[in-house]
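Working through the structure, step by step
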Amino acid sequence: MKNINFIFLSLMWFTLLITGCGKASTNETSADKEAVSAVSSSLVNRADDGRIIVGISMPDQQLERWNRDGAFLKSEFEKYGYEVILSFADNLIDKQISELRNMIDEGVDLVVVSAIDGGTLSSVLDEASQAGVKVIAYDRLLMDTDIVDYYVSFDNYMVGELQARYVIDALKLDASDETRNIEIVTGDPVDNNARYFYNGEMDTLVPYFEKGKLNIVSGQKDFYVTATGTWSTEIAQQRMQIILNSYYKHNRLDAVVCANDSTALGAVNAIRSDYSQDNKVIVTGQDADVENVYNILSGNQSMTVFKALKNEAIVTVDLTRAVLEGDSPDEKLIEESGWDFECRYDTTSYNNGRKNVKSYLLIPKVLDSSNIQKELFDTGYYTYDSDGNIILGE
């Protein structure tokens, strides 16, 4: 439908150009202006063509979680009869912008966007707004734009808090004056969530640095110094190997706070290959990816912060349905939906530089060897195939 409108607009302009040839723009008639205005208005107010199309823009397929998110969102939307356009941008910003433009041209009514870099999509989001397309930021906040209707995510600051608190408890810092050595592995610096994880973590750990109970031997503490581009396992591993060989030949490393599971894989690989001390190093993570679950079960990784991605998708689908029905959802959506998981409505915590974005925030959970069977396998989130391999449940 939008393609027809664009063609119509082009023909209208062409007609105006021919009829107005040789005249100054001030001679344009009021009828001409009204005609152009009517066509422009039709681009904003889409005709009801009987179709509801939802676009889903995921950042990449390298991280296991985006594959799961994309597939589950698509299947849930299709249950309600929506047409779905699902794309993965391969961590290429220009590709994500191009894919979003294609979705707008295809006539989507709403887009669910998990941005590679939340601050780079303002222009294409303006185009979405002009076409009457609603926008939901998924898991990663869209920055520096007014064109975002809602944000759905887990409480990202809390993720960092949970990781830090796990280290504090595991090292028994509150019951001892011994100084323990810790290193920090932060996420992708262009991912706004990485900053929230880092802030939650550091706000929780700072008192222990100040009391001398924690020490970073490498001195690498600031966000950008500890960042890991594209959340890369290889980059995290290489950096950790350098740290271990430079600072821990004779020092004891007690913990590595990793922002997510892909960076945790890198830290674990480096510890196994380049750390010569015999103590067990506490390693945190996030996402409960399959390989990390193996590492937790084998004792190589200590914990992961579990975000039940199906629940995040369920919130997004219910929110989308309400928006497309013309509602302006708020905290009542939580009451009316009857979700069997915890979620809160927030209008103050997530400012994108232009406004406080209305947010639905789910509560993450710590998993380690003590509860991973109950939370992941007994619930059917993961299961085993006939060869004993861990696979995603139905």
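**Things to note about the sheet that holds strand β9 (residues 282-283)**
Taken in spatial order, the four strands of this open sheet run β7-β6-β8-β9, and their pairing is parallel. At either end of the open sheet lies a strand with only one pairing partner, and these are β7 (214-215) and β9. Of the pairings in the sheet, the one linking strand β6 (residues 180-185) to strand β8 (residues 255-258) comprises four bridges and is parallel in character. Its bridge partner lying in β8, V185 is registered against C258. The strands that helix α6 (residues 156-170) touches are β6, β8 and β9; relative to β8, the one it contacts most, it runs at about 165°. Sheet strands touched by helix α9 (residues 233-247): β6 and β8. Its angle to β6, the strand with the most contacts, is close to 150°.

**Section: the sheet that holds strand β11 (residues 343-346)**
Read from one edge of the open sheet, seven strands run β2-β1-β3-β4-β5-β12-β11, paired in mixed fashion. Sheet topology places β2 (83-88) and β11 at the edges, where each strand pairs with a single neighbour. The sheet shows a mean angle of 15° between the axes of neighbouring strands, direction not considered. In terms of strand pairing, strand β1 (residues 53-58) meets β2 through six bridges, oriented parallel. Looking at β2, one finds that I56 is bridged to L86.

**Points about the packing of aromatic side chains**
Under the criterion given, the structure shown has 13 aromatic pairs. Aromatic pair Y196 and Y350: ring centres 4.7 Å apart, planes at 35°, arrangement tilted. Here Y196, found in helix α7 (residues 192-210), pairs with Y350, found in the loop between β11 and β12 (359-362); they are 154 residues apart in sequence, far enough to count as distant. Grouping residues by exposure puts Y196 and Y350 together as buried. Both rings, one in F197 and one in W231, keep their centres 6.2 Å apart while their planes meet at 65°; by these two values the pair is edge-to-face.

**Re α9**
Helical periodicity: at 3.6 residues per turn, an α-helix aligns residues three or four positions apart in one direction. Taking 1.5 Å as the rise per residue, α9 with 15 residues should run 21 Å; its terminal C-alpha atoms sit 21 Å apart, in good agreement. By the burial criterion, the buried members of α9 are T233, A236, R239, M240, I243 and L244. Each buried residue of α9 sits inside an arc of 140° when the element is viewed along its axis, so together they form one side. Residues of α9 that are exposed and point more than 90 degrees away from the buried face comprise E234 and I242. Against the buried residues of α9 lie β6, α8 (223-226), β8 and α10 (261-274).

**Overview of the confidence of the model for the protein**
Looking at the protein, the pLDDT average stands at 89 and 87% of residues meet or exceed 70. Ignoring residues within four places in sequence, the model shows residues 1-45, a span with pLDDT below 50, making 31 contacts including any to other chains.

Rules behind the numbers
Residues numbered from 1 in each chain as written. Predicted model: local features only at pLDDT ≥ 70, side-chain atom pairs only at ≥ 80, totals over all residues. Heavy atoms only, no water. Pairing = 2+ DSSP bridges. Helix = DSSP H or I, 4+ residues; strand = E, 2+ residues; numbered from the N terminus. Contact = heavy atoms within 4.5 Å. Axes fitted to C-alpha atoms, helices over the stretch in contact; angles between N-to-C directions. Phe/Tyr/Trp six-rings, centres within 6.5 Å; stacked < 30°, edge-to-face > 60°. Buried < 20%, exposed > 50% of the residue type's maximum accessible area, 1.4 Å probe, protein only. Expected span 1.5 Å × (residues − 1). Arc of directions from axis to C-beta. pLDDT = per-residue confidence, 0-100.

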